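# Understanding the architecture of this molecule
Spelled out from the first residue to the last, the chains are:
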Amino acid sequence: MVNKPVVAYIESSSDNHMTGGNYHREALNFFLREDCGCEVLLYEGDYDFEEDLARLKQYAKFNILVLVIVAQAQYSDEHERVINCVRTNLSPRFPINVIPGGFTERFEGRTDDPAVHVNDHMDKGLEELVRSLTANWKAPIDWLGAETKDDQAILMSQLENAYRTHYLGDNDEGMFGTPDVNSQIVSEALRLRLLPSQFLKAEFDDTLPQGRTSFDRIEQSVYAEELAKIRAMTEAERNQLSDALSRARGHEPSPGGGVFVTRASNGPDVAGFAIDPLTLETVVINRFGLHAMAAEMLRYRIGAIEEIRSHDFVDKYGRETYIIEGLIFTKIDGFQTPLLQLFVGEFQGTEPEHQAKVARFLLAEQKYIPINYDMKVIEG
């Protein structure tokens, strides 16, 4: 069920070349979600924003979408294209916020369009705009068992398509008038109410598009079984698991001790990981050669979050010691659950209470099993 207002946010994820990612983008995403209570739809550029217009139209129609944020790009007029797209497809008065920037002339707004606002990532004006749009927001009524915003958007568009297929066809002959879109959706919804719930799943839930690579929650029985498996391992079994993790990284264990490095990168089956114990914000990265950049990217993101919250610049290295790093191993024989090896302990400088808090969070998420250097489960 939709229970949060939605913000569409268009900005490249790779603007800050020195850190391997756009930490201001991730920080604003965090701030909108955690501090303003919004659901954020992130887009790399106007191309994927336009590809998602069918869903966005449905959200706007039912007042689920409250704001579009677009960053001014360095070498293009992408923000102008987004503004024109919103005005053509959503509403002439739909609120838009442009984050000024780029190497060209900075965008200063449109005198003929007061619904276009100009605020930087950490401007107080942006926070005030978001809070004013969400102050009296109410979630739409859930129906037909669609529990997520993706489900509802797909459900509404497919109900409309189903009605057109069943009743309109190539012409409207025999009808005194074509019902409006809302009437089509309601009529088709009433018809589908008479069908078994299995039909709804096959027709709608199973057609949800696959997004970018992410880690899903593991089924409870599988997770519990594999968690118990690691807890019960003998010393010899832990050594075997350690060797398996080394090989996954391209480090072949040597009989005399140490490893032979067989490739420069950790490979596609290993992802870099970092988590901040205070906010529990995480970074997962598996791009070639950037596994070790997860902590740096998170540090900049946390600093940017503090800048947005305080509307002022902060020292991005002030919380350096809090960041906990690790590696996620996605393909280890004998495990369906990814293994997350965290670099924790006295040698790494992690505080016991931070380690326990992170462990509780990860075990509750049930996406990966947190283990330490000794191949033991990190307990909360």
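Residues numbered from 1 in each chain as written. Predicted model: local features only at pLDDT ≥ 70, side-chain atom pairs only at ≥ 80, totals over all residues. Heavy atoms only, no water.

Moving on: the pattern of salt bridges. Taken as a whole, this structure holds 19 salt bridges when the rule is applied. Where Glu80 meets Arg110, a salt bridge forms, and the shortest distance between an N and an O atom there is 2.6 Å. With Glu80 in helix α4 (residues 78-89) and Arg110 in the loop between β4 (96-99) and β5 (116-118), the pair connects residues that are 30 residues apart, well separated along the chain. What makes Arg110 partly exposed here is its relative accessible area of 23%. With a closest N to O distance of 3.9 Å, Glu365 and Lys367 form a salt bridge. For Glu365, a relative accessible area of 23% corresponds to the partly exposed category. Residue Lys367 is classed as partly exposed on the basis of its relative accessible area, which comes to 24%. Because the salt bridges share partners, they merge into one network encompassing Arg25, Glu26, Arg33, Glu34, Glu44, Glu281 and Arg301. (Salt bridge = Lys/Arg side-chain N within 4 Å of Asp/Glu carboxyl O. Helix = DSSP H or I, 4+ residues; strand = E, 2+ residues; numbered from the N terminus. Buried < 20%, exposed > 50% of the residue type's maximum accessible area, 1.4 Å probe, protein only.)

Before going further, it helps to spend a moment on the sheet that holds strand β2 (residues 39-43). In space, the five strands of this open sheet follow the order β2-β1-β3-β4-β5, with parallel pairing throughout. Strand pairing shows two members of the sheet lacking a second neighbour, β2 and β5, which therefore form its edges. When strand polarity is set aside, the average angle formed by the axes of neighbouring strands in this sheet is 20 degrees. Both β4 and β5 contribute to a ladder of three bridges, which runs parallel. (Pairing = 2+ DSSP bridges. Axes fitted to C-alpha atoms, helices over the stretch in contact; angles between N-to-C directions.)

Further remarks concern the packing of helix α1 (residues 23-35) against helix α5 (residues 124-134). Where α1 meets α5, the closest approach of the two axes is 12 Å, and the angle between their N-to-C directions is 40 degrees. Between α1 and α5, the interaxial angle falls into the category oblique. Note that α1 runs across α5; the crossing there is right-handed. Mapping the contact onto sequence places Leu28, Phe31, Leu32 and Asp35 in α1 and Leu126, Glu127, Val130 and Arg131 in α5. (Parallel < 35°, antiparallel > 145°, perpendicular 65-115°, else oblique. Left-handed = near helix turned anticlockwise from the far one by under 90°. Contact = heavy atoms within 4.5 Å.)

This part is about α1. In this model, α1 (13 residues) spans 17 Å end to end at C-alpha, consistent with the 18 Å of a helix rising 1.5 Å per residue. Across the 13 residues that make up α1, a large majority, ten, are buried. Three or more residues of α1 are buried, namely Tyr23, His24, Arg25, Glu26, Ala27, Leu28, Asn29, Phe30, Phe31 and Leu32. Considering only its buried residues, α1 is in contact with β1 (6-10), β2, β3 (65-71), β4, α5 and α11 (294-310). Its side-chain oxygen at 3.3 Å from the backbone nitrogen of His24, Asn22 defines the N-terminal cap of α1. The positive-phi residue at the C-terminal boundary of α1 is Gly37, with phi of around 70 degrees. (Expected span 1.5 Å × (residues − 1). Polar contact = N/O pair within 3.5 Å; in protein donor to acceptor, adjacent residues only side chain to side chain.)

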